Amino acid sequence: MNQMKKYGIFLLLFLFTTTSALFFSCSKEDSFGEEDSLELQSPYGSWALEKYISAGDSKSQWSAVSRLSNFHLTLNQNNTFTGSTSNNRISGSFIYDINQRDDKLSFSETISMVTNNKENSDGDLYLKYLKTVKSFRKFYDSKKETRYLHLYLTDKKDSYLEYKEVEPIPLNKR
């Protein structure tokens, strides 16, 4: 009887250990295929600005949220970008090293205006924010079946630009 009790305790401990290992070893990112997981680690793609999140004061918010859809950004694998502001098309380069496997990303100080229209306050603010980007996070929202990109403006990641993935916009439509 004593031996049967030891065997039962051993079996319970074994089941508990196995179940615990399985439960804690899986994460949401593990559920993606390897290809999707890799894709979620790079910032490349075409994006439309959805909103700006700030931990600080609300004075730096854009004046009309509905106009944010005019702000687009396409990040290419050769570390160049194109995009649009409220009144202009922009281009330039950004710094990101895919081999580092980290979330560091920054735009060079030189953001070129492809068109030279006068920028409004929203466009000026957007360009200012792009120049202060420090890192990013790209993720997939399975409920909305959409990919999002956050461009963080601080090391704390408490202020960021949120983009939604879109189809690339032809040059003549930007």
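Because the structure is predicted, anything quoted here is derived from the model rather than measured.

What counts and what doesn't
Residues numbered from 1 in each chain as written. Predicted model: local features only at pLDDT ≥ 70, side-chain atom pairs only at ≥ 80, totals over all residues. Heavy atoms only, no water. Helix = DSSP H or I, 4+ residues; strand = E, 2+ residues; numbered from the N terminus. Buried < 20%, exposed > 50% of the residue type's maximum accessible area, 1.4 Å probe, protein only. Contact = heavy atoms within 4.5 Å. Areas by Shrake-Rupley, 256 points an atom, 1.4 Å probe, with all protein chains shown as cover. Polar contact = N/O pair within 3.5 Å; in protein donor to acceptor, adjacent residues only side chain to side chain. Salt bridge = Lys/Arg side-chain N within 4 Å of Asp/Glu carboxyl O. Pairing = 2+ DSSP bridges. Core = buried A, V, L, I, M, F, W, Y, C linked by side-chain atoms within 4.5 Å. pLDDT = per-residue confidence, 0-100.

### Looking at the overall build of the protein chain
Counting its regular elements, the protein chain contains three helices and eight strands. Buried positions account for 35% of the 174 residues belonging to the protein chain. Counting only contacts in the protein chain whose residues sit at least 6 apart along the sequence, the fraction spanning at least 24 positions is 54%. By element, 54% of the accessible surface of the protein chain is carried by carbon and sulfur atoms, the whole surface being about 11,500 Å².

### Structural notes on helix H3 (residues 121-131)
Asp 122, Gly 123, Leu 125, Tyr 126, Leu 127, Tyr 129 and Leu 130 are the residues of H3 that are buried. A distance of 3.1 Å separates the backbone nitrogen of Asp 122 from a side-chain oxygen at the start of H3, and that oxygen is part of Asn 120.

### Some thoughts on the environment of Ser 93
In this structure, Ser 93 sits in strand S4 (residues 89-95). The partly exposed category is assigned to Ser 93, whose relative accessible area is 31%. Between the alpha carbons of Ser 93 and Thr 110 there is a distance of 7.8 Å; along the sequence they are 17 residues apart. Once residues lying within four places of it in the same chain are set aside, the contact partners of Ser 93 are Asn 79, Thr 80, Phe 81, Phe 107 and Ser 108.

### Observations concerning the pattern of salt bridges
The full count for this structure, using the stated rule, is three salt bridges. Linking Lys 157 and Asp 103 is a salt bridge whose minimum nitrogen-to-oxygen distance equals 2.3 Å. Of this pair, Lys 157 sits in the loop between strand S7 (146-152) and strand S8 (160-165) while Asp 103 is found in the loop between S4 and strand S5 (106-113), placing the two residues 54 residues apart along the sequence. Here Glu 165 ties to Arg 147 by a salt bridge, and the two come within 3.7 Å at their closest N and O atoms.

### Description of the pairing of strand S1 (residues 45-53)
With four bridges joining them, S1 and strand S2 (residues 72-75) adopt antiparallel strand pairing. Bridge pairing links Gly 45 to Leu 75 in S2. Across six bridges, the pairing between S1 and S8 is antiparallel. Bridged to Lys 51 within S8 is Glu 162.

### Details of the nonpolar core
Of all hydrophobic cores here, the largest spans 26 residues; its most connected members are Leu 73, Phe 107, Leu 130, Leu 151, Leu 161 and Tyr 163. Elements with a contribution of two residues or more to this core: S1, S2, S4, S5, H3, S7 and S8. The leading source of residues in this core is H3, at five residues.

### A short note on the confidence of the model for the protein chain
On average, residues of the protein chain score 77 in pLDDT, and 68% of them are at 70 or above. Confidence scores differ between elements of the protein chain, with helix H2 (residues 34-39) showing the lowest mean pLDDT of 42 and S2 the highest of 94. Predicted confidence for residues 26-39 stays below pLDDT 50, and this span has eight contacts to residues more than four positions away or in other chains.

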